[in-house]
Amino acid sequence: MSLRSPLGRVLGAGAAGDGVRHWWQQRLTSVALVPLTVWFVVSLLALPSLGHATLVAWMSQSSTALLLILLVLAASWHSQLGVRVVIEDYVHGSGTRTLCLVLIGFAHVLLAAAGMFAILRVAFGGAP
Amino acid sequence: MPTRPLSPHLSVYRMYRYTLATSITNRFTAMALSLGLLLLVYWLMAIAGGARSYARAVQVLTLPLMKLVYAALIVAFSYHLVAGLRHLVWDTGRGLERAQSQRSAWVVVTVSIVLMLLIGWRVLCGGMHTS
């Protein structure tokens, strides 16, 4: 006999309240990050220089801007999911832990937004 | 110490076990890459701020200490990428037998070191100039 309610079974949420969502998102972002990070490293190493003009020309290409946005978004989300688990593992005391989780969440949203803003600014020719 | 059974902690684990070593390295490299993300966004913001803001950032990014940071990031990226692929294979239910897992641990270490050397060699010989 199971003590789980029929609704609980259908939702599949378990004790954590959100089921396998965290685990699955970690996998999805990691699959996305394999090609994105490899592309980023290879493209960066292939650039003739890391001077400002070269970088702006590179980032002004639509494909570069698009892939960079995907990279920053996927990496931010993947990082947030990962750091979250580390905090849950090692930060004890529910107050401190909750505070850390909130701060880490905000920090990653800020990183994602700032990264995307910077990429778009260059891509749309807004960099002075 | 209480007499009741306790969950295993650092003093119980054999730290040299390949299972523990590959696992904790994956987590350490992951944390390093999270800091790398911070650096990436700082760099992107500096580019978007224009040539003068980029020149200011380059002063920081080319400090001698930063070479250590880039080396650490190359190591972290190489390891975490290959170890992550091993995890994805595990997630399909394959490669979980002890012998397979021992073998794949060596594959991860070997391939990631090759990757580190490749990237490191390209960075050194490519002479990443900032002008």
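This one's a predicted model, so the numbers in the text were calculated from it and none came from an experiment.

*Asks:* Help me understand the overall build of chain A, please; the structure alone is not making it clear to me.
*Replies:* The secondary structure content of chain A amounts to 5 helices and 0 strands. Helices and strands appear in chain A in the N-to-C order α-α-α-α-α. Taking 2.2 N^0.38 as the reference for a compact globule, 128 residues should give roughly 14 Å; the C-alpha atoms of chain A span a radius of gyration of 20 Å, well beyond that estimate. By its C-alpha atoms, chain A is 65 × 30 × 25 Å across when sized along the principal axes. Residues counted as buried form 36% of the 128 residues belonging to chain A. Of the contacts formed within chain A by residues at least 6 apart in sequence, a portion of 64% connects residues at least 24 apart. Counting every atom, chain A has about 7400 Å² of accessible surface; 73% of that belongs to carbon and sulfur.

*Asks:* Teacher, can you tell me more about the pattern of salt bridges here?
*Replies:* Pairs can form between side chains of opposite charge once their charged atoms are near each other. Residues and elements named next belong to chain A. Across all of its chains, the model carries 3 salt bridges over all chains by this definition. The partner of E88 in a salt bridge is R84, with the nearest N and O atoms 3.5 Å apart. On the criterion of helical spacing, the pair formed by E88 and R84 is a turn pair, its members being 4 residues apart in helix 4 (residues 62–90). Under the relative-accessibility criterion, E88 is labelled partly exposed at 34%.

*Asks:* Looking at this structure, how should I read the packing of helix 2 (residues 21–46) of chain A against helix 3 (residues 64–91) of chain B?
*Replies:* For any two helices packed against each other, the geometry comes down to the angle between their axes and how far apart the axes lie. Contact pair helix 2 of chain A / helix 3 of chain B: the axes reach a minimum separation of 11 Å and the direction vectors enclose 140 degrees. Accordingly, the angle class assigned to the pair helix 2 of chain A and helix 3 of chain B is oblique. Between helix 2 of chain A and helix 3 of chain B lies a crossing of left-handed hand. Judged by residue contacts, W23(A), R27(A), S30(A), V31(A), V34(A), T37(A), V38(A) and V41(A) of helix 2 of chain A engage F77(B), L81(B), L85(B), L88(B) and D91(B) from helix 3 of chain B. In the contact of helix 2 of chain A with helix 3 of chain B, the residues fall into 9 nonpolar, 2 polar and 2 charged.

*Asks:* Please clarify how the environment of G36(B) should be interpreted in this entry.
*Replies:* Relative to the assigned elements, G36(B) resides in helix 1 (residues 18–48). Separated by 41 residues in sequence, G36(B) and F77(B) have C-alpha atoms that sit 9.3 Å apart.

Definitions and limits used
Residues numbered from 1 in each chain as written. Chains lettered and ligands numbered in written order. Predicted model: local features only at pLDDT ≥ 70, side-chain atom pairs only at ≥ 80, totals over all residues. Heavy atoms only, no water. Helix = DSSP H or I, 4+ residues; strand = E, 2+ residues; numbered from the N terminus. Rg over C-alpha atoms; globule rule 2.2 N^0.38 Å. Buried < 20%, exposed > 50% of the residue type's maximum accessible area, 1.4 Å probe, protein only. Contact = heavy atoms within 4.5 Å. Areas by Shrake-Rupley, 256 points an atom, 1.4 Å probe, with all protein chains shown as cover. Salt bridge = Lys/Arg side-chain N within 4 Å of Asp/Glu carboxyl O. Axes fitted to C-alpha atoms, helices over the stretch in contact; angles between N-to-C directions. Parallel < 35°, antiparallel > 145°, perpendicular 65-115°, else oblique. Left-handed = near helix turned anticlockwise from the far one by under 90°. Nonpolar A, V, L, I, M, F, W, Y, C, P; charged D, E, K, R; others polar.

In short, geometric facts, not functional conclusions.
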